[in-house]
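Here are the chains, one letter per residue:
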Amino acid sequence: MTEHRIYSTSFASLYPHYVAKAQRKGRTRAEVDEIIRWLTGYTEKELDAELEKKTSFEDFFGQAPRLNPLRNLITGVVCGVRVEDIEDPLMKEIRYLDKLIDELAKGKAMEKILRK
């Protein structure tokens, strides 16, 4: 089975789209960064370094300092697929992030997005 091309895509190339989606709905880059840090365990400096290095999605999630154990509470549909039904571990991580950004853009409170 061939690997999905998103895996080798640089995280930095899609990051501006996450930010733009949030900002179109009145949210901020800081909130996007908070979500990414919550999900992956990167610090602000580490996240900036990964963006600078143009790290692939595969490496971005593979080298994440601490994937949040509460991420399995993220459920729902992204791109017509139920997040909880995705079997490929890397695709699941990517879709978790997509779902969190969707929730942010839909105006959900950060407390609920971060499953507090």
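Our subject is the structure listed above.
Remember, it's a predicted structure, so these values are computed and weren't measured experimentally.

**Student:** What is the right way to read helix 1 (residues 11-24) from this model?
**Tutor:** Owing to its 3.6 residues per turn, the α-helix aligns residues three or four sequence positions apart on the same side. Between its first and last C-alpha atoms helix 1 spans 20 Å; for 14 residues at 1.5 Å apiece the expected length is 20 Å, and the two agree. Those residues of helix 1 that fall on the buried side of the exposure criterion are Phe 11, Ala 12, Tyr 15, Tyr 18, Val 19 and Ala 22. Along the long axis of helix 1, the arc covered by the buried residues comes to 95°, so they all point the same way. Those residues of helix 1 that are exposed and angled more than 90 degrees off the buried face are His 17 and Arg 24. Taken together, the buried residues of helix 1 touch helix 2 (29-40), helix 3 (44-53), helix 4 (57-62) and helix 5 (89-105). Residue Gly 26 follows helix 1 closely and has a positive phi angle near 85°.

**Student:** Hey, could you run me through the environment of Phe 61 in this one?
**Tutor:** Relative to the elements of secondary structure, Phe 61 occurs in helix 4. We classify Phe 61 as buried; its relative accessible area is 5%. Between the alpha carbons of Phe 61 and Ile 36 there is a distance of 10 Å; along the sequence they are 25 residues apart.

**Student:** Mind showing me how you'd approach helix 2 here?
**Tutor:** Compared with the 16 Å implied by 1.5 Å per residue over 12 residues, the 16 Å span of helix 2 between its first and last C-alpha is a close match. Those residues of helix 2 that sit buried are Glu 31, Val 32, Asp 33, Ile 35, Ile 36, Trp 38, Leu 39 and Thr 40. Packed against the buried residues of helix 2 are helix 1, helix 3, helix 4, helix 5 and helix 6 (110-113).

Analysis parameters
- Throughout, residues of each chain are indexed from 1 in the direction in which the sequence is written.
- pLDDT decides what is reported in this predicted model: residues at 70 or higher carry local features, side-chain atom pairs at 80 or more are listed and counted, and totals for whole chains, interfaces and linings draw on all residues regardless.
- Hydrogen atoms and water are omitted, and side-chain values are computed over all heavy atoms in the structure.
- Put simply, DSSP marks the helices as runs of H or I at least four residues long and the strands as runs of E at least two long, and each gets a number from the N terminus on.
- For a helix, the expected span equals 1.5 Å multiplied by the number of residues minus one.
- Exposure classes here rest on a 1.4 Å probe applied to the protein chains alone. A residue is buried below 20% of its type maximum, exposed above 50%, and partly exposed in between.
- Here the arc refers to the directions that run from the helix axis out to each C-beta atom.
- Here, two residues are considered to be in contact whenever any of their heavy atoms come within 4.5 Å of each other.

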